[in-house]
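# Descriptive structure summary
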Amino acid sequence: MIDVTRMNGTTLTINNDLIETVEELPDTVITLTTGKKIIVKESRQDVKNLVKLFKKEINCNL
């Protein structure tokens, strides 16, 4: 799971396995497999890096 920041400044934890797409339109929009869309302050690359870091942490703890 990764922490992202909504446009109003609140932090939200999302399940990275549910992320379908991440787009910059110019705001970053995360679309989940459920169809829900979340607009966040982080860039597309930041979200990508958060997912990579989370997956590395999970794999190292096996």
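These notes cover the structure that comes with them. (Residues numbered from 1 in each chain as written. Predicted model: local features only at pLDDT ≥ 70, side-chain atom pairs only at ≥ 80, totals over all residues. Heavy atoms only, no water.)

## Here's the deal with the overall build of the chain
- Helix and strand counts for the chain stand at one helix and five strands.
- Listing each helix as α and each strand as β along the chain from the N terminus yields β-β-β-β-β-α.
- Its C-alpha atoms put the chain at 35 × 25 × 20 Å along the principal axes.
- Every one of the 62 residues in the chain was classed for burial, and the buried ones make up 27%.
- Counting contacts in the chain only where the partners sit at least 6 residues apart, residues at least 24 apart contribute 34% of the total.
- Accessible area of the chain: about 4,300 Å², with a carbon and sulfur share of 52%.
- Charge-centre separation for the chain: the mean point of 9 positive side chains lies 2 Å from the mean point of 9 negative side chains. (Helix = DSSP H or I, 4+ residues; strand = E, 2+ residues; numbered from the N terminus. Buried < 20%, exposed > 50% of the residue type's maximum accessible area, 1.4 Å probe, protein only. Contact = heavy atoms within 4.5 Å. Areas by Shrake-Rupley, 256 points an atom, 1.4 Å probe, with all protein chains shown as cover. Lys, Arg positive; Asp, Glu negative; His and termini not counted. Charge placed at Lys NZ, Arg CZ, Asp CG, Glu CD.)

## So, unusual backbone geometry
- Leucine 25 connects to proline 26 through a cis peptide bond whose omega is 0 degrees.
- Topologically, proline 26 is positioned in the loop between strand S3 (19–24) and strand S4 (28–32).

## Quick word on a positive patch on the surface
- Together, Arg44, Lys48, Lys52 and Lys56 line one region of the surface with positive charge.
- Here lysine 56 is to be found in helix H1 (residues 44–60). (Patch = residues over 30% accessible without salt bridge, like charges linked within 9 Å, V, L, I, M, F, W, Y side chains within 5 Å. Salt bridge = Lys/Arg side-chain N within 4 Å of Asp/Glu carboxyl O.)

## Here's the deal with the pairing of S4
- Across the five residues that make up S4, a large majority, five, are buried.
- Side chains Thr28, Ile30 and Leu32 of S4 all project onto a buried face; the interleaved residues Val29 and Thr31 project onto the opposite face, where all are buried too.
- Two strands pair when backbone bridges link them, and S3 and S4 are joined in this way by five bridges, in the antiparallel orientation. Bridged to threonine 21 within S4 is threonine 31.
- What sits between S3 and S4 in their antiparallel hairpin is a turn of three residues.
- Bridge count between S4 and strand S5 (residues 37–40): four bridges; the pairing is antiparallel. Residue pairing in the sheet places isoleucine 30 in a bridge with isoleucine 38 of S5.
- In textbook terms, the turn of a hairpin is the stretch between consecutive antiparallel strands, and for S4 and S5 this stretch comprises four residues, one of which, glycine 35, has a positive phi near 100 degrees. (Pairing = 2+ DSSP bridges.)

## Focus: the environment of leucine 25
- With respect to the element layout, leucine 25 can be found in the loop between S3 and S4.
- Taking the C-alpha atoms as reference points, leucine 25 and arginine 6, separated by 19 residues in sequence, lie 15 Å from one another.

Purely spatial values, then, with no claim about function.
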